[in-house]
Amino acid sequence: MNRKELVEQIRKKKSVLCVGLDTDIEKIPSSLLEKEDPVFEFNKAIIDATHEYTVAYKPNIAFYEALGVKGWQSLEKTINYLNENYPEIFTIADAKRGDIGNTSARYAKAFFEEFSFDSITVAPYMGSDSVQPFTGFDGKWVILLALTSNPGAFDFQTQKQGERDEMLFEKVLEESKKWGDNEDMMYVVGATKADYMRKVRSIVPDNFLLVPGVGAQGGSLSEVMENGLGSEPNLLINSSRGVIYASNEEDFAEIAGKKAKALQQEMALYIK
């Protein structure tokens, strides 16, 4: 999916909502456990109930890897269902990969060609040669970890270094602009780091930001929209637990749809 198509979808739906499919088999309604593939059935129900308000879906790959072969099969069914039924919706493999070049190239092949995701999250710690194998795929995106939403982000990402006394995440943003552009590279910036959002935008004003941490992690949607939304709506805000686990009863999909709609309506206030 190219940038123009993603922006058009955002404007059409007046939404920057990304729903995280962090599907934990221990948290889904017990009635689904009788199904042949409980994880896929849960995902399918969530997708069908929320797609009207959503511009992206982000399966967290760890929840599928933890189930072994069955988990990979559930992931494959999920991405195939999205691509066949809702091809206009952006898909993110939240895999946080990043390794030496030949290994990264295999990760890129796996998620871009075998699973047909539109994008993948990548850790930049090993530098340019670990990231660049993910670039150059037509219509595919790298989403680079820049400033994450977890408390441990302060251990390294905000530490100052070098003669310019810049924080590490600022160095990552500046250096990575050599590896891609706003047509193929996005950045993860946590909603719980809203104070830093203006600094991020001063360095990468035109790139898309993927913002996790709204909802269960305590991030403020209004602060993110006010500080992170560019003149073009180049922003994706992820909500996982706050949507998909809003209910663990039989009405889980219906309630998820209502939660997604409420988020979309708040987002629409900021999208011109």
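Here the structure is a predicted model, which means the values were calculated and not measured.

S.K.: Can you break down helix H1 (residues 3–13) residue by residue, with the values?
M.R.: The complete set of buried residues in H1 reads Arg3, Leu6, Val7, Gln9, Ile10 and Lys13. Buried residues of H1, seen end-on, are gathered within an arc of 160° and therefore sit on one face of the element. Away from the buried face of H1 by more than 90 degrees, exposed residues Lys4 and Lys12 are located. Those residues of H1 hidden inside the fold are in contact with strand S3 (90–97), strand S5 (141–147), strand S8 (185–189), strand S10 (235–239) and helix H12 (252–268). Two or three places before Lys4, at the start of H1, stands the capping residue Asn2, its side-chain oxygen 3.2 Å from that residue's backbone nitrogen. Note on H1: the residue one or two positions beyond its end, Lys14, has a positive phi of about 50°.

S.K.: Lay out the sheet that holds S8 with the relevant residues and their values.
M.R.: With respect to topology, eight strands assemble into a closed barrel ordered S1-S2-S3-S4-S5-S8-S9-S10, the strand pairing being parallel. Adjacent strand axes in the sheet meet at a mean angle of 30° when their direction is disregarded. Bridging between strand S1 (residues 17–21) and strand S2 (residues 56–59) involves four bridges; their strand directions are parallel. Following the sheet pairing, Gly20 is matched in S2 by Lys58. Docked against the sheet, helix H4 (residues 69–85) engages S1, S2 and S3, running at close to 150° with respect to S3. Those strands touched by helix H8 (residues 168–176) are S5 and S8, and its axis lies near 155° from that of S5.

S.K.: Can you break down the packing of helix H10 (residues 221–228) against H12 residue by residue, with the values?
M.R.: Running from N to C, H10 and H12 cross one another at 40°; their axes reach a closest spacing of 10 Å. Read as a crossing pair, H10 and H12 show a hand that is right-handed. Contacts between H10 and H12 involve Leu221, Ser222 and Met225 from the first element and Leu263, Glu266 and Met267 from the second. Considered class by class, the residues forming the contact of H10 with H12 number four nonpolar, one polar and one charged.

S.K.: Which residues make up the layout of surface pockets, and what values do they have?
M.R.: The volume enclosed by the second largest pocket comes to roughly 380 Å³. Where the lining of the second largest pocket is concerned, the elements lending two or more residues are S5, helix H7 (153–156) and H8. Per-element accounting of the lining of the second largest pocket gives the leading share, five residues, to H8.

S.K.: Just give me the short version of the side chain of Glu170, but keep the residues and values in it.
M.R.: Along the polypeptide, Glu170 turns up in helix H8. Of the residues examined, Glu170 reaches a relative accessible area of 10% and is grouped as buried. Every residue in contact with Glu170, bar those within four places of it in the chain, is listed here: Lys199 and Ile203.

Rules and cut-offs
- Residues numbered from 1 in each chain as written.
- Predicted model: local features only at pLDDT ≥ 70, side-chain atom pairs only at ≥ 80, totals over all residues.
- Heavy atoms only, no water.
- Buried < 20%, exposed > 50% of the residue type's maximum accessible area, 1.4 Å probe, protein only.
- Helix = DSSP H or I, 4+ residues; strand = E, 2+ residues; numbered from the N terminus.
- Arc of directions from axis to C-beta.
- Contact = heavy atoms within 4.5 Å.
- Polar contact = N/O pair within 3.5 Å; in protein donor to acceptor, adjacent residues only side chain to side chain.
- Pairing = 2+ DSSP bridges.
- Axes fitted to C-alpha atoms, helices over the stretch in contact; angles between N-to-C directions.
- Left-handed = near helix turned anticlockwise from the far one by under 90°.
- Nonpolar A, V, L, I, M, F, W, Y, C, P; charged D, E, K, R; others polar.
- 1 Å grid on protein atoms, 1.4 Å probe; cavity = no way out; pocket = protein on both sides within 12 Å on 5 of 7 lines; lining within 4 Å.
- Points joined across faces, edges and corners; volume = space filled by probe spheres on them.

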